[in-house]
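Each chain, letter by letter, is given below.
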Amino acid sequence: MSDEAAMAQGTVLGIDIGGTKMAAALVSADGTIRTGDRIPTPDGDADAVFAALAELIERVRGDASPLAVGIGSAGPLDQQHGLVSPVNITGWRNFPLVDRVRAVAGDVPVTLGVDGHCFALGEFWTGAGRDVDTLLGIVVSTGVGGGLVVDGKPLIGQSGNAAHIGHVVIDQDGEACACGSFGCVEAYASGPRMVARAKRRGWRTDEDVDAEVLAADAAAGDELAVATFDDGAQALAAGIVATAVTVDLTTVVIGGGVAKAGPVLFDPVQAWVKRLAQLPFVTDLTVEPAQLDNAGLLGAAHQAWSVLA
């Protein structure tokens, strides 16, 4: 069998790692998931967390021999050395993820990318961006992550951490961000930060609630919830337009838990983008919801296929 025929019949292993869940799947060259599974990300030390991932990999792989492995992980990461230090996985600090995964999956190519990059790449491959050459993908959840695909290729950057749109500064005198800076997009648009801001304004101050509840109240017309989502939308729009005028793009895809709010988020984002995008080459900027539930996983698999091409 030729190498081309083997690749056509084979699969790669895609892995998506975040602070809430870990997912893995065998993915064919056309983006079809053959088999996959996910688990909650466990607490514990570095080895305990990896042991759970290794068990997931073995279960998904079964008797198959994937041609390569693609990993998308929450960052920051050191792509050159295969190390990860996800903010929401405290047990992993400079954890040698690539080497540890290779020891489990076999002596095959293993790629590593930021989860936001993989999200953008997945939507570009088989989702909302499959008909364009350049797009910005944004994940709005407990944080705000992002990734860029430019002329059909992911924009990685020299350290592998490019397109951190959540940490674009939109107000230098703004709120403190977890990254140590001030006025970042994430400080206004992430789910937890929007909930905290709404509570400071008097919304459900004595209740243990999350962004899903905030979105439901905004959809029902609660003024405080609506105003808070508008603030988050304005921050997102400012980051989007800043990126668009820098990279010259017209397509933006937003996913993540907060994006499930639907029109409560997308209507004000689109209105603010229209207000802020005044240069002629970005006046047609479009913002669309993600089409895939597993874009990060598919983007990780796409990375793996790319090293085999």
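About the cut-offs
- Residues numbered from 1 in each chain as written.
- Predicted model: local features only at pLDDT ≥ 70, side-chain atom pairs only at ≥ 80, totals over all residues.
- Heavy atoms only, no water.
- Core = buried A, V, L, I, M, F, W, Y, C linked by side-chain atoms within 4.5 Å.
- Buried < 20%, exposed > 50% of the residue type's maximum accessible area, 1.4 Å probe, protein only.
- Helix = DSSP H or I, 4+ residues; strand = E, 2+ residues; numbered from the N terminus.
- Contact = heavy atoms within 4.5 Å.
- Salt bridge = Lys/Arg side-chain N within 4 Å of Asp/Glu carboxyl O.
- Pairing = 2+ DSSP bridges.

Participant: Requested: an account of the nonpolar core, with residues and values cited.
Facilitator: A general tendency of soluble globular proteins is for nonpolar side chains to be buried together. Ranked by internal contacts, the top residues of the largest apolar core, which has 40 residues, are Ile138, Phe229, Ile240 and Ile254. Among the elements that make up this core, the one with the highest residue count is helix α8 (residues 223-247) (8 residues). Aside from chain neighbours lying at most four places away, what touches isoleucine 138 is Phe119, Val144, Gly145, Gly146, Ile165, Leu236, Ile240, Val252, Val253, Ile254 and Gly255. Membership of the second largest hydrophobic core comes to 32 residues, among which are Leu13, Val60, Val84 and Val104.

Participant: I'd love a proper account of the pattern of salt bridges, names of residues and values included.
Facilitator: Counted under the stated rule, the structure contains 12 salt bridges. In this structure, glutamate 55 and arginine 59 form a salt bridge, with 3.9 Å as the shortest nitrogen-oxygen distance. With a gap of 4 residues between them, glutamate 55 and arginine 59 both fall in helix α2 (residues 46-61), about one helical turn apart. A salt bridge links glutamate 207 to arginine 204; the nearest nitrogen and oxygen atoms lie 2.9 Å apart. With relative accessibility at 38%, the residue glutamate 207 sits in the partly exposed group.

Participant: Any chance you could break down the pairing of strand β4 (residues 69-73) for me, citing the residues and the numbers?
Facilitator: Burial runs high along β4: 5 of the 5 residues are buried. A two-sided burial pattern is seen for β4, the buried positions comprising Val69, Ile71 and Ser73 on one face and Gly70 and Gly72 on the other. Here 5 bridges tie strand β1 (residues 12-17) to β4, and the two strands are oriented parallel to one another. Within β4, the residue paired with leucine 13 across the bridge is valine 69. Note that β4 and strand β7 (residues 110-114) share 5 bridges and pair parallel. The partner of valine 69 across the bridge, within β7, is valine 110.

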